[in-house]
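# Summary of the model geometry
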Amino acid sequence: MKSKSTFFSMVILSMVLFSCGRYEEFKNSATENYSNEKLQKYAKYMIQGKQLYTTHCSNCHQEKGDGLGKLFPPLAKSDYMLEDIPRTICAIKNGLKGEIKVNGKTYNQAMPALDRLTNLEIAEISTYIYNSWGNETGMIELETVEESLSNCP
């Protein structure tokens, strides 16, 4: 029953947002050639991704993706994240241990696995972080997440 009400809520939200053309606010240089249909899907991923990010990621990486001092790295314009999307997807699902270098700074704080997230939720979070705070990568498709997760080390 809960999934039906969640689905119904999403349909209503989508109708309200997209009937007014509000999804246009999510456009960036990576999405400027998206069809209206793809832009609507992208906007839905961004909305859901932000909510999931706030719940699961912002405590460490902060609301604006700027990280937390020397403990947790930034996601905003993060060279580590931007250079390898599949690695980031694997880190979201499986966590991350060991030293990493982000924008010239070393971090060595473990990132917990978010293994309860569905592949769709990971696609939504990924789309959000890859298109927020100056990042402009475009939509991270569900197929990209599925392929990435099948090849995690």
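Residues numbered from 1 in each chain as written. Predicted model: local features only at pLDDT ≥ 70, side-chain atom pairs only at ≥ 80, totals over all residues. Heavy atoms only, no water.

## Regarding helix 2 (residues 36-56)
Applied cut-off: Secondary structure follows DSSP: runs of H or I at least 4 residues long count as helices, runs of E at least 2 residues long count as strands, and numbering of each begins at the N terminus. To estimate the expected span of a helix, count its residues, drop one, and scale the result by 1.5 Å. Whether a residue is buried, partly exposed or exposed follows from its accessible area with a 1.4 Å probe, protein chains only, as a fraction of its type maximum: under 20%, in between, or over 50%, in that order.
The terminal C-alpha atoms of helix 2 lie 30 Å apart, and with 21 residues this matches the ideal 30 Å at 1.5 Å per residue to within 8%. Within the sequence span of helix 2, burial applies to Leu 39, Tyr 42, Ala 43, Tyr 45, Met 46, Gln 48, Gly 49, Leu 52 and Tyr 53.

## Focus: the side chain of Thr 31
The following threshold applies: In what follows, a contact means two residues having at least one pair of non-hydrogen atoms within 4.5 Å.
Examined against the element boundaries, Thr 31 turns out to sit in the loop between helix 1 (2-19) and helix 2. Excluding residues that lie within four positions of it along the chain, Thr 31 makes contacts with Phe 26, Leu 39, Tyr 42 and Gly 138.

## So, the packing of aromatic side chains
The cut-off we apply is this: Put simply, two rings from Phe, Tyr or Trp (the six-membered ring, in Trp's case) pair if the centres are within 6.5 Å, and we call them stacked under 30 degrees between planes, edge-to-face over 60, tilted for the rest. Note on criteria: charge over ring means Lys NZ or Arg CZ within 6 Å of the ring centre, with the direction from the centre no more than 35 degrees off the ring normal.
With the rule as written, the count across this model stands at 4 aromatic pairs. Summarising the aromatic geometry, the rings of Tyr 53 and Tyr 128 are spaced 5.6 Å apart at their centres and angled 45° between planes, so their arrangement reads as tilted. Taken together, the residues span a long stretch of sequence, with Tyr 53 in helix 2 and Tyr 128 in helix 6 (residues 119-129) at a distance of 75 residues. A network of ring pairs unites the aromatic residues Tyr 53, Tyr 128 and Trp 133 as a single cluster. Over the face of the ring belonging to Tyr 34 we find Lys 38, whose NZ or CZ atom lies 4.5 Å from the ring centre. Geometry around Tyr 80 places Arg 87 over its ring, the cationic atom sitting 3.7 Å from the centre.

## A look at the state of the cysteines
The following threshold applies: Any two cysteine sulfur atoms lying within 2.5 Å of each other are counted as a disulfide.
Scanning the entire structure with this criterion turns up 1 disulfide. The disulfide partner of Cys 90 is Cys 152, and the gap between their sulfur atoms is 2.0 Å. Its S-S torsion of about -95° marks the bond between Cys 90 and Cys 152 as left-handed, since a negative value means left-handed. With Cys 90 in helix 5 (residues 85-94) and Cys 152 in the segment after helix 7 (142-150), the pair connects residues that are 62 residues apart, well separated along the chain. Looking at Cys 152, the relative accessible area reads 18%, which means it is buried. For Cys 57, which is in no disulfide, the shortest distance to another cysteine sulfur is to Cys 60 and amounts to 8.7 Å. The exposure class assigned to Cys 57 is buried, which follows from its relative accessible area of 12%.

## A closer look at the packing of helix 5 against helix 6
In plain terms, the rule: Between N-to-C directions, angles cover 0 to 180 degrees, with each direction set by a line fitted to C-alpha atoms, over the stretch in contact for helices. Oblique is the label for any angle not covered by the other classes, which are roughly parallel (under 35 degrees), roughly antiparallel (over 145) and roughly perpendicular (65 to 115). By convention, the crossing between two helices is left-handed when the near helix turns anticlockwise from the far helix through less than a right angle, and right-handed when the turn is clockwise. The residue classification treats Ala, Val, Leu, Ile, Met, Phe, Trp, Tyr, Cys and Pro as nonpolar and Asp, Glu, Lys and Arg as charged. All others, Gly included, are polar.
It is the contact of helix 5 with helix 6, at a shortest axis distance of 10 Å, that shows an interaxial angle of 125°. The angle between the axes of helix 5 and helix 6 places the two elements in the oblique class. Crossing of helix 5 against helix 6: the hand is right-handed. Contacts between helix 5 and helix 6 involve Thr 88, Ile 89, Ile 92 and Lys 93 from the first element and Asn 119, Ile 122, Ile 125, Ser 126 and Ile 129 from the second. Residues belonging to the contact of helix 5 with helix 6 are distributed by class as follows: 5 nonpolar, 3 polar and 1 charged.

## Comments concerning the side chain of Glu 141
The topology assignment puts Glu 141 in the loop between helix 6 and helix 7. For Glu 141, a relative accessible area of 18% puts it in the buried group. Ignoring anything within four residues of it in the chain, the contact list for Glu 141 reads Lys 38, Lys 41 and Ala 123.

## So, the nonpolar core
The line we're drawing: To form a nonpolar core, buried Ala, Val, Leu, Ile, Met, Phe, Trp, Tyr and Cys residues must be joined to one another through side-chain atoms within 4.5 Å.
Ranked by size, the top nonpolar core spans 28 residues in total, and within it Tyr 42, Ile 92, Leu 117, Ile 122, Ile 125, Ile 129 and Val 145 carry the most contacts. Those elements giving two or more residues to this core turn out to be helix 2, helix 5, helix 6 and helix 7. In terms of residue count, the dominant contributor to this core is helix 2 (7 residues). The residues touching Ile 92, leaving out its near neighbours within four places in the chain, are Met 111, Ala 113, Leu 114, Leu 117, Ile 122, Ile 125, Ser 126 and Ile 129.

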